[in-house]
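# Geometric and topological summary
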Amino acid sequence: RAASRKVQLPPGRSPLDWAALVRRGGGGGAVDALTGLPGELAARVPLRVSPAQLRAANGRRGAPAWSAYRGVVYNVGAYAEFHPGGVAELMRAAGRDGGRLFEEVHPWVRWEGLLGRCAVGRLV
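To keep things clear, this report deals only with the structure shown in the data block. A quick note: this is a predicted structure, and the numbers were derived from the prediction, not measured.

## Considerations on the environment of Gly-29
Looking at the element boundaries, Gly-29 is found in the loop between helix H1 (15-24) and helix H2 (39-42). Overall, the relative accessible area of 47% leaves Gly-29 in the partly exposed class.

Right, dumping it as C-alpha cells:
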C-alpha cells in the first residue's frame, strides 16, 4: 500500500470546513459549488458520462476535474483544496477511474460519504 503524505491546508480548508460546505449544499449560484455544473445541468444530475467525457474532465486548461469510482463520476475539483494530500495528489485521479489509486492510499475512507454530493453522474 502506498504511503499517504499530508500537506498544510490553508485556513478554511480543513475536513470540518469541507463537511460544513457539503451540509450547506452547492446550489444557489449560476454554478453548483459541489458538482461544478451550471444550474440547468445540475438539475439533471445524474448525467450519463461517457469515457471520452471523463477523459476530457482532467482538470487541465480550465476543464473540470472529474474522477470515477465504482461507476459513479464525481467532481473532485470541488474537493481539491480540502484534500489532505494536496491538490496535485488528488488530480492524479482526474479524468479517469480513480478507484484503484484511492483504494491503494486510503481504503478505510468512504468515497461516497466524502464526495457523494459531488456526484455528477454514472459512467456509461
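## Topic: the packing of aromatic side chains
Across all of its chains, the model carries six aromatic pairs by this definition. Each residue in the set Tyr-69, Tyr-74, Phe-102 and Trp-111 is aromatic and connected to the rest through ring pairs, giving one cluster.

## Quick look at the nonpolar core
Trp-18, Tyr-74, Val-76, Tyr-79, Trp-111, Leu-115 and Cys-118 are the most contacted members of the largest nonpolar core, which totals 20 residues. Looking at this core, the elements with two or more residues in it are H1, strand S3 (72-75) and helix H6 (111-115). Per-element accounting of this core gives the leading share, three residues, to H1. For Leu-115, the residues in contact, after removing those within four places along its chain, are Trp-18, Tyr-74, Val-76 and Tyr-79. Among the nonpolar cores identified, the runner-up in size contains nine residues, and Leu-37, Val-49, Ala-57 and Val-73 belong to it.

## A short note on the sheet that holds strand S1 (residues 47-49)
The strand order across the open sheet formed by five strands is S1-S5-S3-S2-S4, and the pairing between neighbours is mixed. The open sheet has two edge strands with one neighbour each: S1 and strand S4 (96-97). For strand S2 (residues 66-69) and S4, the ladder comprises two bridges, and the chain directions are parallel. Pairing of Ser-67 across the sheet is with Arg-96, part of S4.

## Some words on the pairing of S2
Burial along S2 is two-sided: Trp-66 and Ala-68 facing one way and Ser-67 and Tyr-69 facing the other are all buried. In the sheet, S2 pairs with S3 via four bridges, with the strands oriented antiparallel. If you follow Ser-67 over to S3, its bridge partner there is Tyr-74. Hairpin connection between S2 and S3: a loop of two residues separates the two successive antiparallel strands, and Arg-70 in this loop has a positive phi of roughly 55°.

## Describing the pattern of salt bridges
One pass over the full model with this rule turns up three salt bridges. Across the salt bridge formed by Arg-13 and Glu-81, the nearest N and O atoms sit 2.7 Å from each other. A residue pair is termed long-range when its members are at least 10 positions apart, and Arg-13 in the segment before H1 and Glu-81 in the loop between S3 and helix H4 (87-91) qualify at 68 residues. On the basis of relative accessible area, Arg-13 is assigned to the partly exposed category, the value being 27%. For Glu-81, a relative accessible area of 44% corresponds to the partly exposed category. The partner of Arg-70 in a salt bridge is Glu-103, and the shortest N-O contact between them spans 3.9 Å.

Analysis parameters
Residues numbered from 1 in each chain as written. Predicted model: local features only at pLDDT ≥ 70, side-chain atom pairs only at ≥ 80, totals over all residues. Heavy atoms only, no water. Helix = DSSP H or I, 4+ residues; strand = E, 2+ residues; numbered from the N terminus. Buried < 20%, exposed > 50% of the residue type's maximum accessible area, 1.4 Å probe, protein only. Phe/Tyr/Trp six-rings, centres within 6.5 Å; stacked < 30°, edge-to-face > 60°. Core = buried A, V, L, I, M, F, W, Y, C linked by side-chain atoms within 4.5 Å. Contact = heavy atoms within 4.5 Å. Pairing = 2+ DSSP bridges. Salt bridge = Lys/Arg side-chain N within 4 Å of Asp/Glu carboxyl O.

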